[in-house]
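# Report on the structure
Letter by letter, the chains look like this.
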Amino acid sequence: MLLRSVLLVAHALQLSGALDLPFGSCAFEEGTCGFDSVLAFRPWILNEEGHYVYVDTSFAKQGEKAVLLSSELQAEEWCCLRLVYQITASSGSLSGPSQLNLYVRYEDESFDRLLWSAKEPSDSWLIASLDLQNSSKTFKILIEGVLGQGSTTSIALFEIKMTTGYCIECDFEENHLCGFVNRWNPNVNWFVGGGTVQNSHSVLPQDHTFKSELGHYMYVDSVYVKHFQEVAQLISPMTTVPMSGCLFFYYQLQQGNDNVFSLYTRDGTGLYEEIWKVDNPGNAAWNLVEVEFSAPYPMEVIFEVAFNGPKGGYVALDDISFSPVHCQNQTELPFSAMEASCNFEEDFCNFYQDKDGPGWTRVKVKPNMYRTGDHTTGLGYYLLANTKLTSQPGYIGRLYGPSLPGNLQYCLRFHYAIYGFLKMSDTLAVYIFEENHVVQEKIWSVLESPRGVWMQAEITFKKPMPTKVVFMSLCKSFWDCGLVALDDITVQLGSCWSPESLPPPPGQCTFDQDECAFTQEKRNRSSWHRRRGETPTSYTGPKGDHTTGVGYYMYIEASHMVYGQKARLLSRPLRGVPGKHCLTFFYHMYGAGTGLLSVYLKKEEHSEESLLWRRRGEQSISWLQAPIEYSCPHPHQIIFEATRGVSIRSDIAIDDVKFQAGPCSEMEDTAQQSSGYSEDLNEIDY
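Since the structure is predicted, the reported quantities are computational estimates derived from the model, not experimental observations. (Residues numbered from 1 in each chain as written. Predicted model: local features only at pLDDT ≥ 70, side-chain atom pairs only at ≥ 80, totals over all residues. Heavy atoms only, no water.)

## Examining the overall build of the protein chain
- Helix and strand counts for the protein chain stand at two helices and 44 strands.
- Out of the 686 residues in the protein chain, the part that is buried amounts to 53%.
- When the accessible area of the protein chain is evaluated, it comes to approximately 31,200 Å², of which 51% is carbon and sulfur surface. (Helix = DSSP H or I, 4+ residues; strand = E, 2+ residues; numbered from the N terminus. Buried < 20%, exposed > 50% of the residue type's maximum accessible area, 1.4 Å probe, protein only. Areas by Shrake-Rupley, 256 points an atom, 1.4 Å probe, with all protein chains shown as cover.)

## Re the pairing of strand β18 (residues 272–277)
- Strand direction decides the pairing type here: strand β17 (residues 259–267) and β18, joined by five bridges, are antiparallel. In the strand pairing of β18, Y264 is matched with E274. (Pairing = 2+ DSSP bridges.)

## Some remarks on the state of the cysteines
- Under the counting rule described, the total for this entry stands at eight disulfides.
- In this model C80 forms its disulfide with C167; the gap between the sulfur atoms is 2.1 Å. Of note, the bridge from C80 to C167 carries an S-S torsion of about 105 degrees and is right-handed in sense. Within this pair, whereas C80 is found in strand β6 (residues 79–88), its partner C167 is found in the loop between β11 (154–164) and β12 (181–182), the two being separated by 87 residues in sequence. Note on accessibility: C80 and C167 belong to one class, buried.
- A disulfide bridge connects C411 with C496, and the sulfur atoms are separated by 2.0 Å. Looking along the S-S bond of the C411-C496 disulfide, the torsion reads about 105 degrees, which is the right-handed sense. Of this pair, C411 sits in strand β26 (residues 408–420) while C496 sits in the loop between β31 (482–493) and β32 (508–509); the two residues are 85 residues apart in sequence, bridging distant segments of the chain. Residues C411 and C496 agree in their burial class; the two are buried. (Disulfide = S-S within 2.5 Å.)

## Observations concerning the environment of E72
- Topologically, E72 is positioned in the loop between β4 (65–69) and β5 (73–74).
- Residues E72 and Y106 lie 34 residues apart in sequence; the distance between their C-alpha atoms is 9.5 Å.
- Contacts of E72, omitting those with residues within four sequence positions, involve F23, T138, F139 and K140. (Contact = heavy atoms within 4.5 Å.)

## Section: the sheet that holds strand β15 (residues 230–235)
- Pairing is antiparallel across the open sheet formed by five strands, whose spatial order is β12-β15-β20-β17-β18. The sheet terminates laterally at β12 and β18, the two strands that pair on one side only.

## A closer look at unusual backbone geometry
- Although it is not a glycine, F344 adopts a positive phi angle of roughly 65 degrees.
- Here F344 shows up in the loop between β21 (314–323) and β22 (352–353).
- Classification of F344 as buried rests on a relative accessible area of 0%.
- With a phi close to 65 degrees, F511 is a non-glycine residue in the positive phi region.

## Quick notes on the pattern of salt bridges
- For the structure on display, the rule yields 17 salt bridges.
- The residue R105 makes a salt bridge to D112 at a minimum N-O spacing of 2.7 Å.
- A relative accessible area of 14% means that D112 is categorised as buried.
- Among the charged side chains, a salt-bridge network with shared partners connects E521, K566, R568, E609 and E641. (Salt bridge = Lys/Arg side-chain N within 4 Å of Asp/Glu carboxyl O.)

Structural data, given as structure tokens:
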């Protein structure tokens, strides 16, 4: 069922030396090289003539999976994992496409991490390139094919290759060119030079790698240019892991010709930035270039040649490499976004205020039924600007963040809550302060927001000069003042929204998209429900979710249940691994008749359940964080059980569930801080 081009592709890969592959790789010539089909799913079929494995609708149905699992691997040095694949679809079938997913399975984690996913069908093979950071952990690669709609859909794998080095590196000796591609231009493109075939009218050089006519390189030649101002672009694979250091490459061009050779970066939103350009042609031999390269978020490298006249000549490129050590004469330390983030649990971090006048105060509220605690845990510290204390209208409290280097894209996220104020507009605003030009620009302000609810704001910005983020609270008139709370400020490099972003790890769930992999034993009015905003019954339940304030959470509606009735939410089966694990989640137990919230562990093929954690009765009007540390080397499930209390004011909610390998961070004991009765059963082995 695969396209006829499959065998031609496989033959080309074989000729390019695909049989001589390193450990953790496979060209599927005579077998699967230690990659085995997982018996619980459909098998991957090895083609009778070799060259590829596939799954198609001749033996599998829509929605069925085929899973391929590698042997145990280790990447003590930085590695690049490349996947040569093809997804085909039935003609006219656009909905329900097939999907190919690649996961990494670490030895100490009970879930698999999604690294890459594709579902676009193609007429020929494609290449995915994934950087794997060096680590002492052993791991396995898991490749999952899920068939879509149509009677002739299929998924094929031609080659899996794991090599030491970075995915943006290439000597152009392999048939697939390390995943580099042309931006197609009908008039001028990059071509492979060298080898036994000379397909250029120009006298091109020997390659740099082998210094031989048989070696390969990339070149672009003005012979094929039909119009002036034609541009040829050679585009690298998108980086998948943050990296910073020195990018090296060799180039050669005909001196004095009408062309401009430049190097750009391009992020997932399509934003270009020039990082190098030829200022003099150099000599006739291969010229080495060293350019500082930083990719804190997914980014492509683009080699561009623009022809501006009739004597464009040629440009040749070879041996692209990367080092995490910065280039010569480069002493600037890489910026850490953590320096600009703060949850205010210990102090103000790197934030500071104006010396004059009242400003932001670091406060802590003991959980109670009337005042909301902080956003981080429900029990910690946050910042509060109390404009009621000012004796004059127009009061402004300024909070300055640390200096951020220019020419980088940032994602600023923070949580805020507003109390009082008749008119909410501009009660909190965020400005960008450009240090060199002493200019302030407003990039965000409050318009309308539910009062007393922690809301999340996120802002993407990029400035050419070093900047500081400034938070301002404003009281416009003496008669209209209130409280502004601020917590959990985070700064990340890159856009807040990226088309390249993957879904969160399967160990995390915010319930904003769906119920993740959680299931219920039964679904009716007395089950767990996914909801946003307030619950229907007054004086019980949250006003909004914990994640953003406007997202979803899971809860029980007590008015649909009777006293003592239970609702159970089950995690997907978790793989048993040695060592400690940390389960954290946020819970909301507000209401005079609140019942019980319990967390159980259930081993596979065992009927009994072990109690890990429990809270009884009304706890707080705030979302509170619960850390549970446990060990279980056997396959198991985690169960959240809510029990309805004595009255309808007994809504119980949970949000932001997260499973992590290793012990929990040190936290305050919520059992001593919370009101009501509680049972702490942390650090238990099962």
